[in-house]
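One letter stands for each residue in the lines below.
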Amino acid sequence: MRVFIYEHVTGGGLLGGASPRESPLFVEAASMVAAATHDLHRLRDAEGVLLVDERLRFETPSDGRTAVRTVDSREAWEAAFDEAVRSCDYTLLIAPETAGTLVALARRVEAIGGRLLSPSSRFCDWATDKSRVAATLAELRAAPVGRCLRFDAPWPDGVPLPAVLKPNDGCGSDSVRLIRTAADDARTAAHEFWRLEEFIPGQPASIAVVRGPRQTLLLAPCRQHLADDGTFAYRGGSAPLPREPSQRVAALVNRCLEALPDFHGYIGIDVVLGTASDGADDRIIEVNPRLTTSYHAQHALVRNNLIEVMIDLAEGREVTLDCRSGSVGFTPDGGISGVLEADD
C-alpha cells in the first residue's frame, strides 16, 4: 500500500509567495502532517510519499519507506504532485478551503485518476461554502441563522447583535470576529464573500467522522478552547467530553449526517452546545472536509491506527474502534497532555 500525504502549507503549495512559516496556519499544518505521517509509518506494509517546500527545514522521515520530495518552484511542485498521485494507491489531502484551494486539489487528483482517501471535490466544494452548509441544515434547525454578504455591500439593517462575521470560505479562526455593533464590521477585499450569522452562546466542541462505503464512525467529541476576546482564536482542546455533552454532540451530528452530500474519508464538524439542557439550541457551525487539529487527540485516544482505519473503511472493510480510557488535552502544535490507560 502506497499513500501520498499532501499538506498544502508545508508541501510547496505556497511557492512563489510568502514563506510557509509566515502563514497563520503553519503550526497546525506542520503538526497535522507529522501526526498523519507518523501513523502511516506504523503500518507494516505501507509506504508514503511526502512533498516538502524547500524553504522549510523541519525533520522528515528517514526510515526508507517514505519518499520525501523537496520542491523549489511551482513547476517542480506540479510535476511532483502529479507523479505522486499516479504512483500511489491513495492520496490524503490536508489543505485550507480558502479561495477554493482544497477543491482545486481534489479535482486535480480526480482528473489524474487518483484515488482520494479524503473527501471528493464535490463534497469539498459544498463544505467550503459556509452559507450553503447552513442552508442545507436550515430545515433541521441545526445551523445558526445568517446571511452571505459581499465585502463591499452595505451593512444590513436589523441584524440581531451580537453576531459572528467570518469569511464564507474561511479556514479555522482566520478573520472570524464577534460583532457587537455595526462599527465592528471587519470585512475586507481579501474575501469576496462573508457570512454574518447569529452568535450561539455555549460550549464550542467538535467531532470527527470517518466514513467508507459500508460504515460511518464517530470519534470522541472534543471540547474546543477558543480565545474570549472576540477573535475565536483556536487554542487547542481536550477530549473526550463528559458523557452528557458527548451524547448531545453525537445526537446532533447523527441527525444531520443524511442531509449532507455523500462523502468518504475523514471530516471534522464544529458545533456549539447551547444553553438549553435538552440540546434544543445546539448548532453545527462548520463542516471541515479534511483532517483537523483534533486528530492529535484521536490519535492518542484510540489504539487503532487512524490511517489504517481510513484505508480499511475506503476498502469496504468493517472497523471496530479500540478506545483507551482517560482524557487528553492538546495544543495546535500537536502537544498532548493527560492520563490515558496504558497499552497491555
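In this report, we go over the structure that sits alongside the text. Residue numbering note: each chain is counted from 1, following its sequence as written. A pLDDT threshold of at least 70 governs which residues receive local features in this predicted model, and a stricter bar of 80 or more applies before side-chain atom pairs are shown or counted, although totals over entire chains, interfaces and linings include all residues. Note that the side-chain values use all heavy atoms of the structure and ignore hydrogens as well as water.

### A closer look at the overall build of the chain
Cut-off, in case you're wondering: Helix and strand definitions here come from DSSP, where helices need a minimum of 4 consecutive H or I residues and strands a minimum of 2 consecutive E residues; each element is numbered from the N-terminal end. Two things to know: the radius of gyration comes from C-alpha atoms, and the globule rule equals 2.2 Å times the number of residues to the power 0.38. Only protein chains enter the accessibility calculation, which uses a 1.4 Å probe; a residue whose area is less than 20% of its type maximum is buried, one above 50% is exposed, and one in between is partly exposed.
Scanning the chain for helices and strands turns up 8 helices and 16 strands. Compactness check: the chain gives a C-alpha radius of gyration of 20 Å against a globular reference of 20 Å for 344 residues, within 12% of the reference. With the C-alpha coordinates aligned to their principal axes, the bounding extent of the chain is approximately 60 × 50 × 35 Å. Each of the 344 residues in the chain was classed as buried or not, and the buried ones make up 52%.

### Considerations on the environment of E139
Along the polypeptide, E139 turns up in the loop between α5 (130-138) and β5 (146-150). Given the relative accessible area of 80%, E139 is considered exposed. Between the C-alpha atoms of E139 and P245, which are 106 residues apart in sequence, the distance is 23 Å.

### Quick word on the pattern of salt bridges
Condition: The salt bridge definition used is simple: a Lys or Arg side-chain nitrogen within 4 Å of an Asp or Glu carboxyl oxygen.
Tallied over the full model, the rule gives 23 salt bridges. D53 is the salt-bridge partner of R55, the closest N and O atoms lying 2.9 Å from each other. Exposure remark for R55: the relative accessible area of 28% places this residue in the partly exposed category. We classify D53 as buried; its relative accessible area is 0%. Among the salt bridges present, the one from D282 reaches R248, with a minimum N-O distance of 2.6 Å. Linking D282 in the loop between β13 (265-273) and β14 (283-288) with R248 in helix α6 (residues 243-257), this pair joins segments that are 34 residues apart in sequence. In this pair, the class of D282 matches that of R248, namely buried. One network of salt bridges, with partners in common, ties together K130, K166, R195, E197 and E286.

### Some details on the nonpolar core
For the record, the criterion: For this analysis, a nonpolar core means a set of buried residues of the types Ala, Val, Leu, Ile, Met, Phe, Trp, Tyr and Cys, connected via side-chain atoms within 4.5 Å. Residues are treated as being in contact if the distance between any of their heavy atoms lies within 4.5 Å.
I5, L291, I307 and M310 are the most contacted members of the largest nonpolar core, which totals 36 residues. Contributing elements (two or more residues each) for this core: β1 (2-7), α1 (26-41), β2 (47-53), β4 (90-94), β9 (203-211) and α8 (306-314). In this structure L291 touches M32, A36, L92, I94, Y266 and M310, once residues within four positions along its chain are discounted. Counting residues in each nonpolar core, the second largest holds 25 residues, with V133, A143, F263 and I269 among its members.

### A word on the pairing of strand β16 (residues 336-340)
Rules: For two strands to pair, DSSP has to find at least two bridges joining them.
Direction of pairing for strand β15 (residues 326-330) relative to β16: antiparallel, over a ladder of 5 bridges. Among the inter-strand pairings, G326 is bridged to a residue of β16, identified as L340. A loop of 5 residues connects β15 with β16, the two strands running antiparallel in sequence, and G334 in this loop sits at a positive phi of about 95°.

### Considering the pairing of β14
Of all 6 residues making up β14, 5 are buried, and the element is well covered by its neighbours. Looking at chain direction, β13 and β14 are connected through 5 bridges and run antiparallel. Note on β14: the bridge partner recorded for D270 is E286.

### Focus on α1
Stated precisely, the cut-off is as follows: Each residue after the first adds 1.5 Å to the expected span of a helix.
Between the first and last C-alpha of α1 there are 22 Å, a value that for 16 residues agrees with the 22 Å anticipated at 1.5 Å per step. Those residues of α1 not exposed but buried are F26, A29, A30, S31, M32, V33, A35, A36, T37, D39 and L40. On the buried face of α1, the contacting elements are β1, β2, β4, α7 (295-301) and α8.

### Some details on helix α3 (residues 101-112)
Since the α-helix packs 3.6 residues into each turn, any two residues three or four apart lie on the same face. With 12 residues, α3 should cover 16 Å at 1.5 Å per step; its first-to-last C-alpha distance of 17 Å lies within 8% of that length. All of the buried residues in α3 are T101, L102, V103, L105, A106 and V109. Tucked inside the fold, the buried residues of α3 contact β1, α2 (74-87), β4 and α4 (121-128). Downstream of α3 by a residue or two, G113 has a phi angle that is positive, lying close to 100°.

Limitation: the analysis is restricted to geometry and does not speak to function.
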